[in-house]
Amino acid sequence: MAVIEMHGIKREYRMENKKGSSKDESDTIVVRALRGVDFFAEAGEFISVMGPSGSGKSTLMNILGCLDKPSAGTYTLDGIETSKSNSDTFAYIRNRKIGFVFQSFNLLARTTALENVELPLFYSRPWAHRRDKAEKKMNAQTRKERAMTALKEVGLEKRIDHFPSQLSGGQQQRVAIARAMVNDPAFILADEPTGNLDTGMTLEIMGLFQELNRQGKTIIMVTHEPELAVYTRRIITLRDGQLVADKKVTSRRNALYDLKQWKKDHALLSETAS
Ligand SMILES: Nc1ncnc2c1ncn2[C@@H]1O[C@H](COP(=O)(O)OP(=O)(O)OP(=O)(O)O)[C@@H](O)[C@H]1O
Ligand SMILES: [Mg+2]
């Protein structure tokens, strides 16, 4: 089933040229960040979005994540035509259909791991009355159970009462991934999710994504690093606002295997150093 269908997506940013002294002289500069992108994704895919700086990756992610609307083209997410939706529906889609994972984790500092993961379940309630009656009745106990399940899936059931500052970077990103999954979204959108992590933690997170994907989760990840893209199943490349390559990953690597190997080498290194 197609989760994402994008046809002819364009995004233009219009800016007044401030040099003009009078209004007549000022002309508008148009930046064409996306110039007609067609992109389709099926449920269960694991896709890397690559491309040089300024090629339009963040612009595309913002549109995919329903944080921004295209200037032209259509975007259908899980059967919903997003460009026709009003701001209420747009917010509903963002909250229920997409799980966001950011480079900087974006966890609330004075809030435990469990409470951080529960957050999207609170936000989803205002729309519940129209969308889903069972959802409206979600009580504190159900919320807690759902957050617990998500934390278990990322292997953090023993850290539920920890605050972000009491967790390692990799663990904080796991909490963020649990939070992204708690609403059972149509896909997870990850923007350079390992950008702030060291090699070991990066491999752990990639291993977790691979495991979640094996269980059927759909993941789209922006990355600058070809070494990370090989853990996904498909790589799309943007250049100057156009999709210039769309390739299946042929020799896919196993992140947990690489992690084991890395740990071995690491131990060996510290042994020789001492
Ligand atoms: N709000 C904006 N107003 C005007 N131009 C913008 C705006 N946002 C992005 N652009 C321009 O659109 C183009 C695409 O930007 P985008 O942020 O999508 O690139 P990117 O691929 O994410 O780059 P990076 O890898 O550096 O994050 C760039 O030329 C950028 O200067
Ligand atoms: Mg960017």
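Residues numbered from 1 in each chain as written. Chains lettered and ligands numbered in written order. Predicted model: local features only at pLDDT ≥ 70, side-chain atom pairs only at ≥ 80, totals over all residues.

Concerning the overall build of the protein
Phase 1 of the analysis: In terms of regular secondary structure, the protein is built from 10 helices and 10 strands.
Phase 2 of the analysis: The C-alpha atoms of the protein give a radius of gyration of 21 Å, which matches the 19 Å a tight globule of 274 residues would have.
Phase 3 of the analysis: Taken over the C-alpha atoms alone, the protein extends approximately 70 × 55 × 40 Å along its principal axes.
Phase 4 of the analysis: Burial statistics for the protein: of 274 residues in total, 35% are counted as buried. (Helix = DSSP H or I, 4+ residues; strand = E, 2+ residues; numbered from the N terminus. Rg over C-alpha atoms; globule rule 2.2 N^0.38 Å. Buried ≥ 20, exposed ≤ 12 C-beta atoms within 10 Å, placed from the backbone.)

Description of the site of ligand 1
Phase 1 of the analysis: All residues in the neighbourhood of ligand 1 are listed as Tyr13, Met15, Val31, Ala33, Gly51, Ser53, Gly54, Ser55, Gly56, Lys57, Ser58 and Thr59.
Phase 2 of the analysis: Only strand S1 (2-16), strand S2 (28-42) and helix H1 (57-64) provide two or more residues apiece to the shell around ligand 1.
Phase 3 of the analysis: In terms of residue count, H1 provides more of the shell around ligand 1 than any other element does, 3 residues in total.
Phase 4 of the analysis: A breakdown of the residues in the shell around ligand 1 according to their chemical character gives 4 nonpolar, 7 polar and 1 charged. (Near = placed C-beta within 6 Å. Nonpolar A, V, L, I, M, F, W, Y, C, P; charged D, E, K, R; others polar.)

A word on the nonpolar core
Phase 1 of the analysis: Val49, Val117, Leu151, Ala178 and Ile220 are the most contacted members of the largest nonpolar core, which totals 64 residues.
Phase 2 of the analysis: Element by element, the count of residues in this core is highest for helix H7 (residues 169-181), at 6 residues. (Core = buried A, V, L, I, M, F, W, Y, C linked by C-beta atoms within 7 Å.)

Notes on the sheet that holds strand S9 (residues 234-239)
Phase 1 of the analysis: Strand order in the open sheet formed by 6 strands is S6-S7-S8-S3-S9-S10, with mixed pairing between adjacent strands. Edge positions in the open sheet fall to strand S6 (98-102) and strand S10 (242-248), since each of these has one partner strand only. In this sheet, neighbouring strand axes are inclined to one another by 20° on average, regardless of whether the strands run parallel or antiparallel.
Phase 2 of the analysis: Running at roughly 165° to S6, H7 makes contact with S6 and strand S7 (187-191) of the sheet. (Pairing = 2+ DSSP bridges. Axes fitted to C-alpha atoms, helices over the stretch in contact; angles between N-to-C directions. Contact = placed C-beta atoms within 7 Å.)

Describing unusual backbone geometry
Phase 1 of the analysis: Phi is positive for Cys66, close to 60°, though the residue is something other than glycine.
Phase 2 of the analysis: Along the polypeptide, Cys66 turns up in the loop between H1 and strand S4 (72-77).
Phase 3 of the analysis: With a phi close to 50°, Asp78 is a non-glycine residue in the positive phi region.

Looking at the pairing of S7
Phase 1 of the analysis: Counting buried positions over the 5 residues of S7 gives 5, a clear majority of the element.
Phase 2 of the analysis: Of the two faces of S7, the one carrying Phe187, Leu189 and Asp191 and the one carrying Ile188 and Ala190 are both buried.
Phase 3 of the analysis: Sheet analysis places S6 next to S7, joined by 5 bridges and oriented parallel. In the strand pairing of S7, Phe100 is matched with Leu189.
Phase 4 of the analysis: Of the pairings in the sheet, the one linking S7 to strand S8 (residues 219-222) comprises 4 bridges and is parallel in character. Across the sheet, residue Ile188 finds its bridge partner in S8, namely Ile219.

A few points about the environment of Ser104
Phase 1 of the analysis: Here Ser104 shows up in the loop between S6 and helix H3 (113-123).
Phase 2 of the analysis: Residues Ser104 and Leu151 lie 47 residues apart in sequence; the distance between their C-alpha atoms is 19 Å.

Considerations on helix H10 (residues 255-273)
Phase 1 of the analysis: Taking 1.5 Å per residue, 19 residues should reach 27 Å; H10 reaches 26 Å between its end C-alpha atoms and fits that length.
Phase 2 of the analysis: Buried residues are scarce in H10, accounting for 1 of its 19 residues. (Expected span 1.5 Å × (residues − 1).)

Details of the sheet that holds S4
Phase 1 of the analysis: Spatially, 4 strands are ordered S2-S1-S4-S5 in an open sheet, and the strand pairing comes out antiparallel. Two strands lie at the open edges of the sheet, namely S2 and strand S5 (80-81), each paired on one side alone.
Phase 2 of the analysis: Where S1 lies against S2, 12 bridges are found, and the strand directions are antiparallel. In the sheet register, Glu12 faces S2, and the bridge partner there is Arg32.

Focus on the environment of Ser55
Phase 1 of the analysis: Within the fold, Ser55 resides in the loop between strand S3 (46-50) and H1.
Phase 2 of the analysis: Residue classification places Ser55 among the buried positions, given that 21 C-beta atoms sit within 10 Å.
Phase 3 of the analysis: Along the backbone, Ser55 and Leu238 are 183 residues apart, and their C-alpha atoms lie at a distance of 5.7 Å.
Phase 4 of the analysis: Ignoring any residue separated from it by four or fewer positions in sequence, one finds Ser55 in contact with Leu238, Arg239, Asp240 and Gly241.

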